[in-house]
Amino acid sequence: MKRNTAGTHDFALGAFTSCLLLLALVAGISIWSDLRSYDELRWIRQAYQVKGQIAGSLSIMQDAVINARSFVITGRKKDLEHYQSSRARIEPNLDALSALTSDNPQQGLRIEQLRSRSLENIAVLQRAIQARGAGDFLGAIRVLSAFNWSESIDECRAIMAQMDAGEDVLLKKGEAAALAGARITTVTLVGGVGLIVVSGCMAIVRINRDCRARKIAEESIRVAHRQLAEQADVLDSVLRSVGDGVVVADANGKFISWNPAASRIIGQGPADVTLDQWTETYGVYLADRVTPCPAEREPLALAMRGECVDGEILYLKSEHLPKGRWISVTGRPLTSKTGEIRGGTVVMNDITERMATQTALQKARDELEARIQERTFDLARSNQQLEQFAYVASHDLQQPLRMITSYVQLLAEHLKDRLDADSKEFIGYVVDGTAWMKRLINDLLSYSRIGSHGKPFEPTDCERVFHEAFQMLDAAIHDSGAKVTHDPLPTVMGDETHLVQLFQNLIENAIKYHGETPPAVHVGAERRGGEWIISVCDNGIGIDPQYADRIFLVFQRLHGKEQFSGTGIGLAICKKVVEGHGGRIWVESHPGQGSTFYFTMPYVEVPNDDTVRIRETDRALVGGGRRR
Amino acid sequence: MTPFESARPIELLLVEDDVGDVRLTQLCMKEAKVRNNLSVVNDGVEALRFLRREEEFAHASRPDLLLLDLNMPRMNGQEVLAKIKEDDELKTIPVVVLTSSEAEKDILQSYNLHANCYITKPVDLPQFMAVVRTIEDFWLCIVKLPTGPRTSSQAPALVTA
């Protein structure tokens, strides 16, 4: 638009200038033409004058003749006076004519001719008049008649006609010239005016358009101004109302914006200090609360250098903020559209409360952690003591048990002749009791050993575990005619010895608790999500579901010693082993429908080469807080 | 065994604190096939004094076989074992650890200390007797025991080369 208006300006200027020039030209041409016309008009007037004079000359001549004739006839003095006045006019008239045509030699010649004729005529008339004056009437008439007046008059007429014609020619010329001049003027005027009008119109149109455009531009500028002012207002009120401090500095470090929240947070308004004095003036410290923030680390300074700061945590403490304040600062550079940095802006978030909360939280967490540690330690310790107790107890109980058994048997030996059947029976019970006690103690020992000095977990191939257990049960399998099958078994992280024990116990049970039919046992393995589910399924006598939980307790049995052997520790051991490996164990069964024991093992992607060892402490966690 | 040596009774030392156990063992040994003298000491300290023939044991004969219990007061079996096997003179004496403990840890430790074998005492009397018989069968009949330096009082008239 700017270019257009400039162009228009020039155009208008040009147009007006050319109009003026045209006007001047037109005026000039007109004036010149008019002047020429005036000249011509003068010549024309002169021609007319000549012509008039010529006509006058003739009439004067004729007057003189008539008057002379009248006098001749009448002899009146009046006529004579008339003749004399007429005659007096002849010469001056001719002189005047001569003067009028002084520039025209041709006419001058003719005038001389006229003059001579006139002289001739006058001479004749004079004679006539003299005659009459003398009284010679007849003589005067003779003189008059002797002269060929018609011829003379015709001659004069002819000369005058020539002169007239000559003047006519001049007239015609002059008129033509005048006409031409007028025409020039007209054409010039019309043309000039026309051009002026045209260019004037164009200029007007252009200017008009330009003005309109300018009006529109002005209007939009006004609107833009208004919007800008509104935006500035909005921005201002936003800055006023936000809770975070916003500070904007230009490239020289001078503050161009400092909202009320900033004043509140920092404790003071903008101070007229240089960048390197900011830390001191506003009391800015690093997160350790003691180190003053170095000038080059000031977020606003960084932002002014073009770097972005996000969530920098700083501490403010000054005489304006005696209690100190934690802030989280985010800074960004201010860049123009061309990318140059024009300053920086920072936003400060008061996080004092958050820090306090965090500190309190951390403290609480630490306390909790400490307490957990304590409790874990206590638990571990008590577990250890418990297991140690069980171990030692079992161990130390062996000895007296041996004594009882051995000496009772010795007694029986010694007194065998003196004992009756009842006594022998009684002794039998004692011995049986001790034997059973021995078994119980042994089982208790085994049970307590699970998890005591266990080895670190290693990748264990359950196929091998199965085969070992299978071999341990060789006799039992053979005797019962059992058929034991299995699915492909996975490799898990575990203690091989204990896993063998686990499999052995479960398979042994599956074989032991059979009904009429020979036992058929199947060991299955299925992967579900992050764990393996291994099952030992039998076609034995089954278990009443109401006892499904109880059987996993120590020394719990559902049958008498006479029916099925065993102390009832087998499943308790299984449960302890399974749980120690991070799994769970349960049974699904109904009386007469066989039983399926399930246990889970965590699925672990086991590397082929290296053995992965779990630290014993972790193992304790895996086992749910058992002692290490 | 040389015919000459078979004439001499085998010297056995039982290191055992429990009286009842001692009696049992004595009973069993009495019925042994091979003639033997069973000496008894009740704890580790005494055992060492016996072996070194100190003080009251000055006239003790060097045992051909040691039957060692583990659970004893003052000095337990492991310590005795260690001390015996450190002593150049004594380490050639075969040591049979005879104890009620079945603990893996005890077994391992005993063998680490170079016990010659480890036997768990059965609870049952007949079984105990069977074990003792097995011990004497093995150690006294089948196994060759080293002939260690003897005391002057025991020097045989004839020594085979």
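Residues numbered from 1 in each chain as written. Chains lettered and ligands numbered in written order. Predicted model: local features only at pLDDT ≥ 70, side-chain atom pairs only at ≥ 80, totals over all residues. Heavy atoms only, no water.

Caption draft 1: Representation of unusual backbone geometry within the structure. Residues other than glycine seldom take positive phi values, yet Arg289 of chain A does so here, at roughly 75 degrees. As for its placement among the helices and strands, Arg289 of chain A is situated in the loop between strand 3 (284-285) and helix 8 (299-304). (Helix = DSSP H or I, 4+ residues; strand = E, 2+ residues; numbered from the N terminus.)

Caption draft 2: Region of the structure containing the pairing of strand 4 (residues 95-99) of chain B. Residues and elements named next belong to chain B. The element strand 4 is extensively covered by neighbouring structure, given that five of its five residues are classed as buried. With three bridges joining them, strand 3 (residues 65-68) and strand 4 adopt parallel strand pairing. Residue Leu68 lies in a different strand from strand 4, and its bridge partner there is Val97. Each parallel crossover has a hand, and for strand 3 linked through helix 4 (residues 77-86) to strand 4 it is right-handed. Relative to strand 5 (residues 117-120), strand 4 runs parallel, the two being bridged by four bridges. In the sheet register, Val97 faces strand 5, and the bridge partner there is Tyr118. After leaving strand 4, the chain enters helix 5 (residues 104-112) and then returns to the sheet as strand 5, a path that is right-handed. (Buried < 20%, exposed > 50% of the residue type's maximum accessible area, 1.4 Å probe, protein only. Pairing = 2+ DSSP bridges. Right-handed = clockwise from strand over helix to strand, strands pointing away.)

Caption draft 3: Broad picture of the pattern of salt bridges. The final tally for this structure, using the stated rule, is 31 salt bridges over all chains. Between Asp88 of chain B and Lys91 of chain B there is a salt bridge; the shortest N-O distance is 3.2 Å. Using a relative accessible area of 60% as the deciding quantity, one classes Asp88 of chain B as exposed. Shared partners join several salt bridges into a network, and the residues in it are Glu91, Asp95, Glu112 and Arg115 of chain A. (Salt bridge = Lys/Arg side-chain N within 4 Å of Asp/Glu carboxyl O.)

Caption draft 4: Main features of the nonpolar core. Residue and element names in this part refer to chain A. Ranked by size, the top nonpolar core spans 40 residues in total, and within it Leu502, Phe503, Leu506, Val523, Phe597 and Phe599 carry the most contacts. Looking at which element gives the most residues to this core, the answer is helix 13 (residues 496-512), with eight residues. Val523 has contacts with Phe466, Thr485, His486, Asp487, Leu489, Phe503, Ile507, Ile534, Ser535 and Val536, leaving out every residue within four places of it along the chain. Counting 34 residues, the second-largest nonpolar core is a separate cluster that includes Tyr83, Leu97, Ile111 and Ile153. (Core = buried A, V, L, I, M, F, W, Y, C linked by side-chain atoms within 4.5 Å. Contact = heavy atoms within 4.5 Å.)

Caption draft 5: Up close: the sheet that holds strand 11 (residues 531-538) of chain A. All names here are of chain A. As summarised here, the arrangement of the five strands in space is 8-10-11-13-12, forming an open sheet in which the pairing is mixed. In this open sheet, the two edge strands, each paired with only one partner strand, are strand 8 (483-486) and strand 12 (585-589). Neighbour to neighbour, the strand axes of the sheet diverge by 20 degrees on average, direction disregarded. Pairing of strand 12 with strand 13 (residues 595-602) involves five bridges; the strand directions are antiparallel. Paired with Ile585 across the strands is Phe599, a residue of strand 13. Running over the sheet, helix 13 touches strand 8, strand 10 (520-528), strand 11 and strand 13 and is turned about 170 degrees from strand 13. (Axes fitted to C-alpha atoms, helices over the stretch in contact; angles between N-to-C directions.)

Caption draft 6: Local environment of the side chain of Ser406 of chain A. Residue placement: Ser406 of chain A occurs in helix 9 (residues 352-414). Other than its neighbours up to four places away in sequence, Ser406 of chain A contacts Leu24, Val123 and Leu125 of chain B.

Caption draft 7: Quick look at helix 6 (residues 125-142) of chain B. Between its terminal C-alpha atoms helix 6 of chain B stretches 24 Å, which fits the 26 Å expected from 18 residues at 1.5 Å a residue. Inspection of helix 6 of chain B places Leu125, Phe128, Val132, Ile135, Glu136, Trp139 and Leu140 of chain B among the buried residues, and these make up the whole buried set. Taken around the axis of helix 6 of chain B, the buried residues stretch over an arc of 95 degrees, which confines them to a single face. Looking at the buried side of helix 6 of chain B, the elements it contacts are helix 9 of chain A together with strand 1 (10-15), helix 2 (19-30), strand 3, strand 4 and strand 5 of chain B. (Expected span 1.5 Å × (residues − 1). Arc of directions from axis to C-beta.)

Caption draft 8: Structural context of the interface of chain A and chain B. Tallying the contact residues gives 16 residues for chain A and 21 residues for chain B. Overall, the association of chain A and chain B removes approximately 1600 Å² of surface from exposure, summing both partners, and the carbon and sulfur fraction of that is 53%. One can count one salt bridge joining chain A with chain B. A salt bridge links Asp21 of chain B to Arg402 of chain A, with the nearest nitrogen and oxygen atoms 2.3 Å apart. At the surface where chain A touches chain B, the tally comes to eight residue pairs in polar contact (both at pLDDT 80 or more). Of all the elements in the fold, those that place two or more residues in the side of chain A that touches chain B are helix 9 and helix 10 (421-449) of chain A. Of all the elements, helix 9 of chain A adds the most residues to the side of chain A that touches chain B, at 13 residues. Along the lines of polarity and charge, the residues of the side of chain A that touches chain B split into five nonpolar, seven polar and four charged. (Buried area = accessible area lost by both parts, 1.4 Å probe. Polar contact = N/O pair within 3.5 Å; in protein donor to acceptor, adjacent residues only side chain to side chain. Nonpolar A, V, L, I, M, F, W, Y, C, P; charged D, E, K, R; others polar.)

Caption draft 9: Structural context of the confidence of the model for chain B. Residue and element names in this part refer to chain B. Per-residue pLDDT for chain B averages 82, and the proportion of residues at 70 or more is 87%. Residue range residues 1-5 is modelled with pLDDT below 50. Its contacts to residues more than four positions away, or to other chains, number nine contacts. Low pLDDT (under 50) marks residues 151-161, which in the prediction has six contacts with non-local residues, meaning those over four places away or in another chain. In the model output, the complex is listed with pTM 0.46 alongside ipTM 0.70. (pLDDT = per-residue confidence, 0-100.)

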